[in-house]
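# Observations on the model geometry
What follows is the residue order along each chain.
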Amino acid sequence: MASIFSKIVAGEIPCHKVAEDEEFFAFLDINPVSAGHTLVIPKTEIDYIFDIDDSVLGRMMAFAKRVAQAQEKVIPCKRVGLAVMGLEVPHAHIHLIPIQKESDMYFGGEKMQVSQEELADLAMRLRAAFK
Ligand code: AMP
């Protein structure tokens, strides 16, 4: 069965898209730990990130770098933090999180409450900044 993220790539489930190329897709996390929390995924479904072929993984990181550069332009932050867990969704993904301090990347606490309108506006600004 297709993962929820494959359904997002296929357009069967809505998302707030940030960027896309032939191989990769980036969209806002629906339950952000900090403003601008974005997920980067390979379009080809694979569960565990370290099962990804080396060359694909390299290109995925280069794509994530371009997304992070867009986040740096749009969201005031000291830098963009990166995390990989994959305990909830079995489709490899990189969390890219704009941070001011270490606790901005805390996954165990309350998630932010962000309206669909705010997410849509943020995604639009990130898409415009993505090069
Ligand atoms: P994990 O698999 O533990 O790395 O976490 C999965 C992440 O995917 C969580 O941060 C969720 O909030 C996020 N997530 C799950 N479903 C969606 C969705 N439909 N759209 C955007 N983000 C999602």
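Coordinates for the structure precede this section.
Residues numbered from 1 in each chain as written. Predicted model: local features only at pLDDT ≥ 70, side-chain atom pairs only at ≥ 80, totals over all residues. Heavy atoms only, no water.

### Quick look at the overall build of the chain
Inclusion rule: Per the convention used, a helix needs a DSSP run of H or I reaching at least four residues, while a strand needs a run of E reaching at least two, with both numbered from the N terminus. Put simply, the radius of gyration uses C-alpha atoms, and a globule should come to 2.2 Å times the residue count raised to 0.38. The cut-offs for exposure are 20% and 50% of the maximum accessible area for each residue type, with area from a 1.4 Å probe on protein chains only; residues under the lower value are buried, those over the upper are exposed, and the others partly exposed. Contacts were defined at the residue level, with two residues in contact if any of their heavy atoms lie within 4.5 Å. Using a 1.4 Å probe, accessible areas were evaluated by the Shrake-Rupley method; residue-level cover was limited to the displayed protein chains.
For the chain, the count of helices and strands is three helices and five strands. When the elements of the chain are put in sequence order from the N terminus, they spell out α-β-β-β-α-β-β-α. In terms of overall dimensions, the chain is globule-like: its C-alpha atoms have a radius of gyration of 14 Å, near the 14 Å expected for 131 residues. Dimensions along the principal axes, computed over C-alpha positions, put the chain at roughly 35 × 30 × 30 Å. Taken over 131 residues, the chain has a buried fraction of 42%. Looking at the chain alone, contacts between residues at least 24 apart form 59% of all its contacts between residues at least 6 apart. Surface exposure of the chain reaches about 7600 Å², of which carbon and sulfur atoms provide 55%.

### Re the side chain of S3
Cut-off, in case you're wondering: Between N or O atoms, a polar contact is any pair within 3.5 Å; within protein, one atom must be a potential hydrogen donor and the other a potential acceptor, and residues adjacent in sequence are included only when both atoms are from side chains.
Assignment of secondary structure puts S3 in the segment before helix 1 (4–9). Only 2.7 Å separates the side chain of S3 from the side chain of H91, close enough to count as a polar contact. Ignoring anything within four residues of it in the chain, the contact list for S3 reads E45 and H91.

### Description of the layout of surface pockets
Worth spelling out the cut-off: Two kinds of site are reported from a 1 Å grid over the protein atoms alone, namely cavities, where a 1.4 Å probe fits but cannot get out, and pockets, open sets with protein on both sides within 12 Å along at least five of seven lines, and residues are called lining when an atom falls within 4 Å of a point. Grid points are joined across faces, edges and corners, and a volume is the space filled by probe spheres set on the points. Nonpolar residues are Ala, Val, Leu, Ile, Met, Phe, Trp, Tyr, Cys and Pro. Charged residues are Asp, Glu, Lys and Arg, and all others, Gly as well, are polar.
Approximately 590 Å³ is the volume found for the largest pocket. Around the largest pocket, the lining comprises 26 residues; the ones closest to its centre are D29, I30, N31, L39 and E88. The element contributing the most residues to the lining of the largest pocket is helix 1, with three residues. When its residues are assigned to classes, the lining of the largest pocket shows 16 nonpolar, seven polar and three charged.

### Concerning the pattern of salt bridges
As a reminder, the rule being used: Basic side-chain nitrogens of Lys or Arg form a salt bridge, by our definition, when they fall within 4 Å of a carboxyl oxygen of Asp or Glu.
Evaluated as defined, the whole model comprises five salt bridges. Where K17 meets E20, a salt bridge forms, and the shortest distance between an N and an O atom there is 2.6 Å. Its relative accessible area of 28% is what places K17 among the partly exposed residues. A relative accessible area of 36% means that E20 is categorised as partly exposed.

### Structural notes on the packing of helix 2 (residues 54–74) against helix 3 (residues 116–129)
What counts here: Here the axes come from fitting lines to C-alpha atoms, over the contacting stretch only for helices, and the angles between their N-to-C directions go from 0 to 180 degrees. By the definition used in this description, the sense in which the near helix is turned from the far one sets the handedness, with an anticlockwise turn below a right angle giving left-handed and a clockwise turn giving right-handed.
For the pair helix 2 and helix 3, interaxial distance at closest approach is 8 Å and the crossing angle is 115 degrees. Both helix 2 and helix 3 take part in a crossing whose hand is right-handed. Residues A70, Q71, K73 and V74 of helix 2 form the contact with helix 3, whose participating residues are L122, R125, L126 and A129. Its residues assigned to classes, the contact of helix 2 with helix 3 comprises five nonpolar, one polar and two charged.

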